[in-house]
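In case you want the letters, here they are:
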Amino acid sequence: MVKFLDLLKINLAHKAEIQEALNQVLLNGWYIRGKFHDEFEQKFAEYCGTSRCVGVANGLDALILIFKGFKELGLLKDGDEVIVQANTYIASIISITASGLVPVFVEPDEDTYNLSVENVKKAITSKTKAILAVHLYGQLTPMKELKELAEKKGLLLVEDCAQSHGAMDERGLKAGNLSDAAAFSFYPGKNMGALGDAGAVTTSNEPLADMVKTMGNYGSQKKYYNEVQGVNSRLDEIQAAVLLVKLKYIDQENAVRRRIAKRYLTDIKNPHLILPTSQPDSLDHVFHVFVIRTKNRKELIEFTDAHGIQTLIHYPIPFHKQGAYQEYSSLHLPITEQIHEEILSIPISPVMEEAEVDKVISVLNEYQPG
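Keep in mind the model is a prediction, meaning the values are calculated, not measured. (Residues numbered from 1 in each chain as written. Predicted model: local features only at pLDDT ≥ 70, side-chain atom pairs only at ≥ 80, totals over all residues. Heavy atoms only, no water.)

> How should I be thinking about the sheet that holds strand 5 (residues 156-160) in this particular structure?
Adjacent strands of a sheet pair through backbone hydrogen bonds, lying either parallel or antiparallel. Within the open sheet, the 7 strands sit side by side as 1-7-6-5-4-2-3. Their pairing is mixed. The sheet is open, and its two borders are formed by strand 1 (52-56) and strand 3 (102-106), each paired with just one other strand. Averaged over all pairs of adjacent strands, the angle between their axes in this sheet comes to 25°, without regard to strand direction. Against the sheet, helix 4 (residues 59-72) makes contact with strand 1, strand 2 (81-85), strand 4 (128-134), strand 5, strand 6 (181-185) and strand 7 (199-203), and its axis sits at roughly 160° relative to strand 6, the strand it touches most. (Pairing = 2+ DSSP bridges. Helix = DSSP H or I, 4+ residues; strand = E, 2+ residues; numbered from the N terminus. Axes fitted to C-alpha atoms, helices over the stretch in contact; angles between N-to-C directions. Contact = heavy atoms within 4.5 Å.)

> Even after reading the chapter, I still don't get the environment of E299, so can you show me in this structure?
Secondary-structure assignment places E299 in helix 11 (residues 297-306). Distance from E299 to Y137, taken between C-alpha atoms, is 23 Å for residues 162 residues apart in sequence. Those residues in contact with E299 that sit more than four places away from it in its chain are Y367, Q368, P369 and G370.

> Sorry if this is basic, but what is going on with the packing of aromatic side chains here?
Any two aromatic rings considered together are summarised by their centre-to-centre distance and by the angle between their planes. If you walk through the whole model with that rule in mind, you get 16 aromatic pairs. Where F105 meets Y328, the ring centres are 5.1 Å apart and the plane angle is 80°; that geometry is what we call edge-to-face. Of this pair, F105 sits in strand 3 while Y328 sits in the loop between helix 11 and helix 12 (334-342), and the two are 223 residues apart along the sequence. Residue class for F105 comes out buried when judged on its relative accessible area of 14%. Given the relative accessible area of 18%, Y328 is considered buried. Members of the aromatic cluster, each reached through a chain of ring pairs, are F40, F44, Y47, F184 and F186. If you follow K35 out to its NZ or CZ, it ends over the ring of F36, 5.4 Å from the centre. Here K174 stacks its cationic end above the ring of Y47, 4.3 Å away from the centre of that ring. (Phe/Tyr/Trp six-rings, centres within 6.5 Å; stacked < 30°, edge-to-face > 60°. Buried < 20%, exposed > 50% of the residue type's maximum accessible area, 1.4 Å probe, protein only. Lys NZ or Arg CZ within 6 Å of the ring centre and 35° of its normal.)

> What is the right way to look at the pattern of salt bridges in this model?
Side-chain pairs of opposite charge can arise where the charged atoms are in close proximity. Enumeration according to the criterion identifies 19 salt bridges in this entry. A salt bridge links K43 to E39; its shortest N-O distance comes to 2.9 Å. With K43 and E39 both in helix 3 (residues 35-48) and 4 residues apart, the pair spans about one turn of that helix. With a shortest N-O distance of 3.3 Å, E342 and K295 are connected by a salt bridge. Of the two residues, E342 sits in helix 12 while K295 sits in the loop between strand 10 (290-293) and helix 11, which places them 47 residues apart along the sequence. Given the relative accessible area of 7%, E342 is considered buried. (Salt bridge = Lys/Arg side-chain N within 4 Å of Asp/Glu carboxyl O.)

> Looking at this structure, I do not really get the packing of helix 3 against helix 9 (residues 237-247). What am I missing?
For any two helices packed against each other, the geometry comes down to the angle between their axes and how far apart the axes lie. Direction vectors running N to C along helix 3 and helix 9 enclose 40°, while the axes themselves pass 8 Å from each other. As summarised for this structure, helix 3 and helix 9 are arranged oblique, according to the angle between their axes. When you trace helix 3 past helix 9, the crossing you get is left-handed. The segment helix 3 lies against helix 9, with K35, F36, H37, E39, F40, K43, F44 and Y47 engaging E237, A240, A241, L243, L244 and L247. Among the residues making up the contact of helix 3 with helix 9, the classes are represented as 9 nonpolar, 1 polar and 4 charged. (Parallel < 35°, antiparallel > 145°, perpendicular 65-115°, else oblique. Left-handed = near helix turned anticlockwise from the far one by under 90°. Nonpolar A, V, L, I, M, F, W, Y, C, P; charged D, E, K, R; others polar.)

> Would you take a moment to explain the environment of A198 for this structure?
Among the structural elements, A198 can be located in the loop between strand 6 and strand 7. Taking the C-alpha atoms as reference points, A198 and E148, 50 residues apart in sequence, are found 31 Å from one another. Setting aside chain neighbours within four positions, we find A198 in contact with V56, A57, N58, G59, F184, S185, F186, Y187, L235, Q239 and L243.

> Sorry, what's going on with the side chain of H340 here?
Topologically, H340 is positioned in helix 12. On the basis of relative accessible area, H340 is assigned to the buried category, the value being 2%. Leave out the neighbours within four places in its chain, and H340 touches A86, N87, R297, Y315, P316, I317 and P318.

> Would you explain a nonpolar patch on the surface in this entry?
On the surface, L26, L27, Y31 and I32 cluster together into a nonpolar patch covering about 420 Å² of accessible area. Considering the arrangement of structural elements, one finds L27 in helix 2 (residues 15-28). (Patch = residues over 30% accessible without salt bridge, like charges linked within 9 Å, V, L, I, M, F, W, Y side chains within 5 Å. Areas by Shrake-Rupley, 256 points an atom, 1.4 Å probe, with all protein chains shown as cover.)

> Looking at this structure, I do not really get the nonpolar core. What am I missing?
Side chains of nonpolar character tend, in soluble globular proteins, to be buried together. Membership of the largest hydrophobic core comes to 48 residues, with the highest contact counts inside it found for F40, F44, V120, L146 and F186. Ranked by the residues each element gives to this core, the list is headed by helix 9, at 7 residues. In this structure, F40 is in contact with F186, M192, L235, A240, L243 and L244, ignoring residues within four places of it in sequence. Grouped together as the second largest cluster of nonpolar side chains are 44 residues, V84, L101, V289 and L333 included. (Core = buried A, V, L, I, M, F, W, Y, C linked by side-chain atoms within 4.5 Å.)

Printed below as a string of structure tokens:
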């Protein structure tokens, strides 16, 4: 069986360093916002190229705290509209609605699955106050163009970087440093994963960073003195220590993902499969997942299962078909719906062996719709 993602193998590659880091956390005797937390914030900000990083409990909290932070600073208010691509994971949308804001959905670019700048332009109204760009599957959204548009229209620009750790644009700027503020998830399955839930906000907006840090600590800068209504959302020492280990290897592991992706793009030659649109040597894609498309997905899954290859669907149901957002059920989003009906993620990870890559390629090339 070629596993979709062998998390145990990924973490065992750093076993000695992770065990030593965990031992140090135990022996330090300080478990919330301690030495490792502070060091990770500093090093991850440096890695992304921002002046600040604020560790939080998870990626969803990171997005919510960005939006609520901008509200506390007077830059957003209840009812303001945020443009977002309709095919994103539901967490992106929850972050908008949970912050008292109104999502405005646009169809994605059909080739990259990310925001279409032209569709964003068409969706802007007098109520639009922000754009949420999701670097879906690990590929950067066209942020230079979006940033120019946002500045021209006086809009905030926020990145959802949950799947794009280390992705870099043609200017050498990394995900997390392409907007007013960015949210990261370090869920275990991410390119840079913790051993549990964890997240971070990166920004060079100092007032926002201070507000996010305060709001994530019950709205308090000084213990028992609460300036705003906050929540408990902090990156704990254990996850920070693990992430400091993982940060040393993220570029190396992304390079392995790109090498595998290059083989897939070069060697999978099945006309019944649609491959990602990406330049194999570009640094703007870190291939969190490698997504193919087919009109015969159920049949393809049965075929790959029978040949010992695990696959996953990211994501099977669009948001407007979910019970959580029934008020949007009448939306007409044909591109989004087609993507959700056809996409299938195949194995890719920094610990895949060449024989496993060979097998995936061979099996996919053998597939013929019945």
